[in-house]
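Coordinates in review
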Amino acid sequence: MTHRVRPRVAGFVCLLLLIGMARSSDAYLKTSIEDDAGTLVIGTWDSPPTYYVTAQGVPGVSVAALVSAVQGGFDAWTSVASANISATYGGLTNAFPDQVDHQNVIGFADLSGMPGFEDTLGFTDYLLATDSTSPHFFETDIVLNANFPWSTDPAGVPGRYDLQSIATHEIGHFMGLGHSAIGLVQTRADGSLDVVGKRTVMFPIAFTPGNVSDRVLTPDDVAGISDLYPASTFRTETGSISGTVTENGQGVFGAQIVAMNTRTGALISNFSIDQQGSYVIAGLSPGPYIVRVESLDQLDPSSFFDPAGPAVDTDFGVTYFSGPVVVPAGGNVPNINVTVTAQ
Amino acid sequence: MRRWQRSLAAGATCVLLTASVAAGAPAPQPLPTGRAARGDRSPGRPHAIELSAFAGWTIGGALAGQSALLTRDVTGSPEPALPLFTVGIKQTGAPAVGGRIGGNLTREFALEGAVMYTRPELRATISGDSAAPNVPAFTLARVVQWSGDISVIAHLSSLAFANGHAVPFLAAGGGYLRQIVSGSTETIDGQIYNVGGGVKVYSGPEGHQGFRVDAREYLRRPGPDQDATRANFSVAGSVFFVF
Ligand SMILES: [Zn+2]
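The text that follows walks through the structure, step by step, so that each part is easy to find. From a predicted model like this one, the values you see are computed outputs, not experimental measurements.

Another point: helix α2 (residues 163–175) of chain A. All names here are of chain A. Over its 13 residues, α2 runs 18 Å from end to end, which matches the ideal 18 Å to within 8%, given 1.5 Å per residue. In terms of residue burial, α2 counts as a mostly covered element, since 13 of its 13 residues are buried. Where α2 terminates, the next one or two residues include G176, which has phi positive at roughly 120°.

Each side of the interface is counted separately: chain B has 37 residues, and chain A has 39 residues. On the chain B side of the contact with chain A, T71(B), D73(B) and L140(B) bury the most area, a combined 21% of that side's loss. The salt bridge involving D129(B) is made with R292(A); its shortest N-O contact spans 2.7 Å. Across the chain B-chain A interface, the total number found is nine residue pairs in polar contact (both at pLDDT 80 or more). At the level of secondary structure, the elements contributing two or more residues to the side of chain B that touches chain A comprise β4 (66–72), β5 (82–91), β8 (121–127), β9 (138–155) and β11 (187–203) of chain B. A per-element tally of the side of chain B that touches chain A places β4(B) first, with seven residues. As defined by bridge partners, strand β13 (residues 193–198) of chain A adjoins β4(B) across two bridges and the pair is classed as antiparallel. Residue pairing for β4(B): K198(A) is matched across the bridge by T71(B).

Turning our attention to the nonpolar core. Core analysis: the largest hydrophobic core is formed by 41 residues, its most contacted members being W150(A), M175(A) and I225(A). Counting only elements with at least two residues in this core, the list comes to β5 (50–54), α1 (63–78), β7 (104–109), β8 (122–129), β9 (136–145), α2 and α3 (219–228) of chain A. For this core, the element with the highest residue contribution is α1(A), accounting for eight residues. Formed by 27 residues, the second largest nonpolar core is a distinct cluster that contains I182(A), L70(B), F85(B) and L122(B).

Attention now moves to the pairing of β7(A). Residue and element names in this part refer to chain A. Among the six residues in β7, six count as buried, and that is most of the element. With three bridges connecting them, β5 and β7 associate as parallel partners. Opposite V53, over in β7, you have I106 as the bridge partner. Where β7 meets β9, four bridges bridge the pair, whose relative direction is parallel. Among the inter-strand pairings, G107 is bridged to a residue of β9, identified as V143.

This part takes up the pairing of strand β10 (residues 166–181) of chain B. Residue and element names in this part refer to chain B. Of the pairings in the sheet, the one linking β9 to β10 comprises 13 bridges and is antiparallel in character. Bridge pairing in β10 places W146 opposite R178. Sheet topology places β10 next to β11; 15 bridges connect them, and they run antiparallel. Its bridge partner lying in β11, G174 is registered against Y193.

To continue, consider the packing of α1(A) against α2(A). All names here are of chain A. At a closest axis distance of 8 Å, the pairing of α1 and α2 adopts a crossing angle of 50°. Here α1 is positioned oblique relative to α2, judged by the angle of their axes. Taken as a pair, α1 and α2 cross one another with a handedness that is right-handed. Residues L66, S68, A69, V70, G72, G73, F74, A76, W77 and T78 of α1 pack against L163, Q164, A167, T168, I171, G172, F174 and M175 of α2.

To continue, consider the coordination of the zinc ion. All names here are of chain A. Within the protein, the atoms that donate to the zinc ion are H169 (NE2), H173 (NE2) and H179 (NE2), at distances of 2.0 Å. The sequence pattern describing where the donors of the zinc ion fall on their chain is H-x3-H-x5-H. Here H169 and its partner H173 are both found in helix α2, four residues apart, which amounts to about one turn of the helix.

On to the side chain of T168(A), then. You can see T168(A) is positioned in helix α2. In this view, T168(A) contacts G73(A), A76(A), W77(A), V201(A), D214(A), R215(A) and L217(A); residues no more than four positions away in its chain are not counted.

Residues three or four positions apart in an α-helix share a direction because the helix packs 3.6 residues into each turn. Residues and elements named next belong to chain A. Taking 1.5 Å per residue, 16 residues should reach 22 Å; α1 reaches 22 Å between its end C-alpha atoms and fits that length. Among the residues of α1, A65, L66, V67, A69, V70, G72, G73, F74, A76 and W77 are the ones counted as buried. Where α1 is buried, its residues meet β5, β6 (88–93), β7, β9, α2 and α3.

Another aspect to go through is the environment of N145(A). Residues and elements named next belong to chain A. Within the secondary structure, N145 is located in strand β9. Filtering out sequence-adjacent residues up to four positions away, N145 remains in contact with F108, A109, L111, F117, E118, T120, L121, G122 and W150. Of the polar contacts made by the side chain of N145, one reaches the backbone nitrogen of N147; its length is 3.0 Å.

How each quantity is defined
- Residues numbered from 1 in each chain as written.
- Chains lettered and ligands numbered in written order.
- Predicted model: local features only at pLDDT ≥ 70, side-chain atom pairs only at ≥ 80, totals over all residues.
- Heavy atoms only, no water.
- Helix = DSSP H or I, 4+ residues; strand = E, 2+ residues; numbered from the N terminus.
- Expected span 1.5 Å × (residues − 1).
- Buried < 20%, exposed > 50% of the residue type's maximum accessible area, 1.4 Å probe, protein only.
- Contact = heavy atoms within 4.5 Å.
- Buried area = accessible area lost by both parts, 1.4 Å probe.
- Salt bridge = Lys/Arg side-chain N within 4 Å of Asp/Glu carboxyl O.
- Polar contact = N/O pair within 3.5 Å; in protein donor to acceptor, adjacent residues only side chain to side chain.
- Pairing = 2+ DSSP bridges.
- Core = buried A, V, L, I, M, F, W, Y, C linked by side-chain atoms within 4.5 Å.
- Axes fitted to C-alpha atoms, helices over the stretch in contact; angles between N-to-C directions.
- Parallel < 35°, antiparallel > 145°, perpendicular 65-115°, else oblique.
- Left-handed = near helix turned anticlockwise from the far one by under 90°.
- Donors = N, O, S within 2.8 Å, 3.2 Å for Na, K, Ca; no water.

Here you go:
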């Protein structure tokens, strides 16, 4: 296996329901769409979802191992202390994972006949009900590409992708998270991207086969799920920063902002998500932070933002906010404004 | 592994108030030395109490830095994390004020408690970011720092000079430090230990007041969260009164 694989979000359409790409409105990229009125609608579960697993294994992964890996992935997200979300395993199913059947189905499928999905390890489809006062997920399916070699060995198997790691990433989408960009990549001769290092399960490019690191959530992932489903103390025990990213007086859309806690080293990020360059990063433990702004020039912006939306600005250099940023518990530090310059 | 964080020390002098050996004071008499006599009122007598107020300067130093670490894409043997960038943190020097109360155990040894207050800044320096090689240093945070400690003072009477009115001393002790990061409820606590010394200059006919200079090096023991240094110090000049 020489090529790199990019899990991604895809969608399908239903007349009464809407699908969307990952957009951000508050903190962390989230699954969202614009409704008919142009209002950004965030997708979340309004009640604990029940998921089913297809009764079909692949070489190296039995059905029981598939169920265990998926449950392990759900456990990673539902065990976050600062988040209030649970999910229930409903049992095995023979339903195809990528069809509208009012069941949340997770399983393998042969994607070899689907153009554009050859390099995709897995993807997540979701239906978002917007016909109520409380938009919510209606159905979400996760498809894992049966054409890749898989393993569920906790120690990892060289040459085989760790199923639980990939499932954990896709279940992050299942819960409503978009991608995060805390990582470094390098471009190979064939134009594909290699991960050099990353610090979020929700990075759009997987680790190499045999790597099991994405079984464990990072502070960025924890902040994201907690922001979507905040436990009672989340808003009071953590704080946030907000501001704008501008270039030549104009707001920058799609800039990545990373906040690092200088005491713990925890990294939590978000993006500037409107034409004013506004951003918010929530879920920050109190204390001093370093704030670093970077463009998505190394990554595919369509992995983060709807290509039909505003153009992502990737033509500026890394810039730090050069002033005190001390996050209080339960409060926001405003005006952490960063001016970037074109490269 | 437990490590000691070394913070600094240095010397400085301090300009201080009145009640000193300064100008125009009548030439003091040599201070009594040797065993305490019945009815002894000398400042060096056992059980004498010394009160002092001091002002000085805390001298900054490097604190524990932090790196933004990425998990490398490796399989098999683990490799060190990949730093995206590293921040170095330096605590700046700042004025400090405080007070002490001590009691002589013997003529040679005293036990002394002290509290000190200062408001230094934390300065950040970014390094190791290949995409931003020249980031100017900037203020990361301002902190309010309180410390309290108890020290043993050893008077070196045999090295006294100025007709016995200037008495060098050594000091060593331990205590507690709390830093409060301005704008946050974050507090940073830790045990501190000090070692240093100085000179007491007694004035007046009976030497019941005077002036002293202290220079102390403070060490901070990292807490259980491995938060390192964040303590530093100091030099101060004091006026004192002996009862
Ligand atoms: Zn993804």
